[in-house]
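Okay, here's what each chain looks like letter by letter:
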Amino acid sequence: MTYQVLARKYRPQNFQEIVGQEHVVQALVNGIENDRLHHAFLFTGTRGVGKTTLARVLAKSLNCLEGISGNPCGVCQHCQEIKNGEFIDLIEVDAASRTGVDDTRSLLENVQYAPNKGKFKIYLIDEVHMFSKSSFNALLKTLEEPPEHVKFLLATTEPDKLPVTVLSRCLQFNLKRLTQKQIGDHLIHLLEKESVPYDDKAIQLISRVADGSMRDALSLMDQSLAFGAGKINFDEIRAMLGTVEQSHVEELLKFIQQNNHVGVVDKLEWFHDMSVDYLQLLEDMCSLLHEISLLQSLKKVVGGSNFELSELKALSQLVSVEQVQWYYQLVVVALEQLKFTPNKKVSFEMAVIRMLDFEQGTGAIQSAAPSNQGSTSALTQDKPVATASSQVEQAPVSNQYPTSNNNSSDSVVTPAIQEAEPRMTIDDKPQVQIDLSTLNNQAWAGVFGDLQLKGGSRELARHLEIIENKNNVITFAVDHSAEIFLNEKAQQSIRNSLLVEDSNYQLKFILKSEVNSLAQQANKALSEKEEMMQQVDPVVSDLQHQFDAKIIENKLGD
Ligand SMILES: [Zn+2]
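The paragraphs below set out a description of the structure included in this document. If you're wondering where the values come from, they're calculated on a predicted model, not measured in any experiment. (Residues numbered from 1 in each chain as written. Predicted model: local features only at pLDDT ≥ 70, side-chain atom pairs only at ≥ 80, totals over all residues. Heavy atoms only, no water.)

## Considerations on the overall build of the protein
From N to C terminus, the protein includes 25 helices and 10 strands. Across the 558 residues that make up the protein, the buried fraction comes to 48%. A fraction of 72% describes how many contacts in the protein between residues 6 or more apart in sequence connect residues 24 or more apart. Within the structure as shown, the protein displays about 27,400 Å² of accessible surface, and the carbon and sulfur contribution to it stands at 49%. (Helix = DSSP H or I, 4+ residues; strand = E, 2+ residues; numbered from the N terminus. Buried < 20%, exposed > 50% of the residue type's maximum accessible area, 1.4 Å probe, protein only. Contact = heavy atoms within 4.5 Å. Areas by Shrake-Rupley, 256 points an atom, 1.4 Å probe, with all protein chains shown as cover.)

## Describing the coordination of the zinc ion
Within the first shell, the zinc ion binds the protein through Cys64 (SG), Cys73 (SG), Cys76 (SG) and Cys79 (SG), at distances of 2.2 to 2.3 Å. Note that the zinc ion binds four donor atoms; their angles at the metal cover 102 to 118 degrees, and the shape is tetrahedral. All donors of the zinc ion come from a single chain, and their spacing in sequence reads C-x8-C-x2-C-x2-C. In this pair, cysteine 64 is assigned in the loop between helix H3 (51-63) and helix H4 (77-83) and cysteine 76 in the loop between H3 and H4, connecting sequence segments 12 residues apart. No difference in accessibility class separates cysteine 64 from cysteine 76, as the two residues are buried. (Donors = N, O, S within 2.8 Å, 3.2 Å for Na, K, Ca; no water. Tetrahedral: all angles 85-135°; square planar, octahedral: opposite > 155°, others 65-115°.)

## Some details on H3
The end-to-end C-alpha separation of H3 is 19 Å, in line with the 18 Å expected for 13 residues at 1.5 Å each. Taken across its 13 residues, H3 has 13 buried, putting it largely inside the fold. (Expected span 1.5 Å × (residues − 1).)

## Details of the environment of glutamate 459
Summarising the element assignment, glutamate 459 is placed in helix H20 (residues 455-462). Judged by relative accessible area, glutamate 459 falls into the buried class, the value being 15%. Between the C-alpha atom of glutamate 459 and that of alanine 490, which follows or precedes it by 31 residues, the distance is 8.9 Å.

## Describing the side chain of histidine 149
Position of histidine 149 relative to the elements: it lies in the loop between helix H6 (133-144) and strand E4 (150-156). Taking the relative accessible area as the measure of exposure, histidine 149 reaches 16% and is therefore buried. Within polar-contact distance, the side chain of histidine 149 engages the backbone oxygen of valine 111 at 2.9 Å. Setting aside residues no more than four positions away along its own chain, histidine 149 makes contact with Val111, Gln112, Tyr113, Ala114, Pro115, Lys119, Phe120 and Lys121. (Polar contact = N/O pair within 3.5 Å; in protein donor to acceptor, adjacent residues only side chain to side chain.)

## Side note on helix H14 (residues 278-298)
Here H14 contains 21 residues, and its C-alpha end-to-end distance of 29 Å stays within 8% of the 30 Å for a straight helix at 1.5 Å per residue. Burial runs high along H14: 16 of the 21 residues are buried. For H14, the N-terminal cap is aspartate 277; the gap from its side-chain oxygen to the backbone nitrogen of leucine 279 is 3.0 Å.

## A word on the packing of aromatic side chains
Scanning the model with the defined rule gives 10 aromatic pairs in all. Site record: aromatic cluster; members linked through ring pairs are Trp270, Phe271, Tyr278 and Phe348. Above the plane of the ring of phenylalanine 234 lies lysine 201, whose end atom (NZ or CZ) is 4.5 Å from the centre. Between lysine 267 and the ring centre of tryptophan 270, over which it is positioned, the NZ or CZ distance is 5.6 Å. (Phe/Tyr/Trp six-rings, centres within 6.5 Å; stacked < 30°, edge-to-face > 60°. Lys NZ or Arg CZ within 6 Å of the ring centre and 35° of its normal.)

## As for the sheet that holds strand E8 (residues 473-479)
The strand order across the open sheet formed by three strands is E7-E8-E9, and the pairing between neighbours is mixed. Lying at the two open borders of the sheet, with one neighbouring strand each, are strand E7 (464-470) and strand E9 (506-512). Strand-to-strand twist across the sheet, computed as the mean angle between neighbouring axes with direction ignored, equals 25 degrees. Summarising the sheet, E7 and E8 pair through six bridges and their orientation is antiparallel. Residue pairing for E8: glutamate 468 is matched across the bridge by threonine 475. The sheet strands contacting helix H21 (residues 488-497) are E7 and E9, and the helix crosses E9 at an angle near 140 degrees. (Pairing = 2+ DSSP bridges. Axes fitted to C-alpha atoms, helices over the stretch in contact; angles between N-to-C directions.)

## Things to note about the pattern of salt bridges
A complete count under the given rule lists 16 salt bridges for this structure. The partner of lysine 345 in a salt bridge is glutamate 349, and the shortest N-O contact between them spans 3.5 Å. Linking lysine 345 with glutamate 349, this pair stays in helix H17 (residues 344-357), spanning four residues, or about one helical turn. We classify lysine 345 as partly exposed; its relative accessible area is 25%. In this structure, lysine 470 engages glutamate 468 in a salt bridge whose closest nitrogen and oxygen atoms are separated by 3.9 Å. (Salt bridge = Lys/Arg side-chain N within 4 Å of Asp/Glu carboxyl O.)

## Section: the nonpolar core
If you look at the biggest cluster of nonpolar residues, it comprises 35 residues, and the most contacted ones within it are Leu253, Ile256, Phe271, Met285, Leu288 and Phe348. Counting residues per element, the ones that place at least two in this core are helix H12 (246-257), helix H13 (261-273), H14, helix H15 (309-318), helix H16 (321-337) and H17. Looking at this core element by element, the count peaks at nine residues for H14. Once residues within four sequence positions are removed from consideration, leucine 253 is found in contact with Met285, Leu288, Leu289, Ile292, Leu315, Val319, Tyr327 and Met355. Among the nonpolar cores identified, the runner-up in size contains 26 residues, and Ile434, Leu436, Leu451 and Ala490 belong to it. (Core = buried A, V, L, I, M, F, W, Y, C linked by side-chain atoms within 4.5 Å.)

Shown next as structure tokens:
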């Protein structure tokens, strides 16, 4: 006995057997029984929802020897021949393989001739959106004046690619994606008919992975029958698909949120040992974050949810709304990256590392407006530079500072990644009182924040080291790499903003090879690990630009 795959064996043979398209079936049956038959039908919907199956049942209804009815007999010669794909008046065309106008013309040439044995000559054109323009024109001509004995049944996944002229001549039916429950119930129905042992979790998994497509679900079931030697077993299907239980994805998210590095490493190793499908894993993470977000923002639980409701609720309390959005962005970036990286595992793990080590910008960049706060900080020799938090309020440069609780002495650590221009123009008088007599290189970082310089003068200021402050002359050293900024205009800006003109101070600028400037300090403070990370991972800098992301220094140090 030859084994017939379930997908074919149980292809619906009448309208009653069609799963989940009640709205379409109802409309078609009513049309047939009330003798209101259009000459062209268009069935749309995603793959595997039953477009061509429905069209074939309709073909039977129209040509059954028992008469046109919403319930074809299924046993007469015509019904049998249609079932076996042998009926001469049902012409099935796959538009994907027939796009030339000549093909279409020869196909439609015979339209005018009466059917051989049926009442109707039926053209079933699948993936009709693949037709070329000239093929559509040929089709349109026929649709404009169709002979009485011809019916067109068109099917497509992409109706928007059809010319409006064709669309407007068809009666359109949109088939819905099937829910997980509809798919699951149908699978169970078939398995019980076949007396095949199964477990519920296996059915759930197949229904979920099939993603709304009954055809995919049936073919997965056939595969798993072959794989599991005649029974449907969860662990075997999971191994076959390389999927993991959803609880592992939930746990991973929890570890990430809790910054539990040991937990994350364990999970990653486990995924590796299980040879999971990393693409599937990223997609699972995406849908987990999506479902958490729905619950958080819209108080909505997804129908046929992939995840345990209690877990979703717990996670939606644990992970903040902002974190969910941020993690989602990172996972989407990783999914995007998969196109370019041969190794899916790397993409997945990099996404997890980014979720651990980066956090989204806090919007500090928006607070770059000049602030009078702290402007009275007449700096004295022993006064430390401003703390990290006060710099955030004052200075645009501070939006690159790490968000960790650094103390003031090592707060100027990250390089200028994203430069925000202060809003003050050159003509604005800065509201800064600076005691020039005590100005030294240590105090420069704090003063720099107060100066509200912009553009080239700001860059110059960042590349300065105060090497001497003596006899009312302040000498700045500029490193050679920043020589380009050392022009008269920039120097004048710095003089103006330090109110040198109102005092009896002079500023001198000299070139030097080694300079302990703010820019230099920032570069040095980049830990080796950060540098390495940026080198191996161009996406890091993309993230920093796109999302105002920061490297969280102390997390990388672990
Ligand atoms: Zn029949």
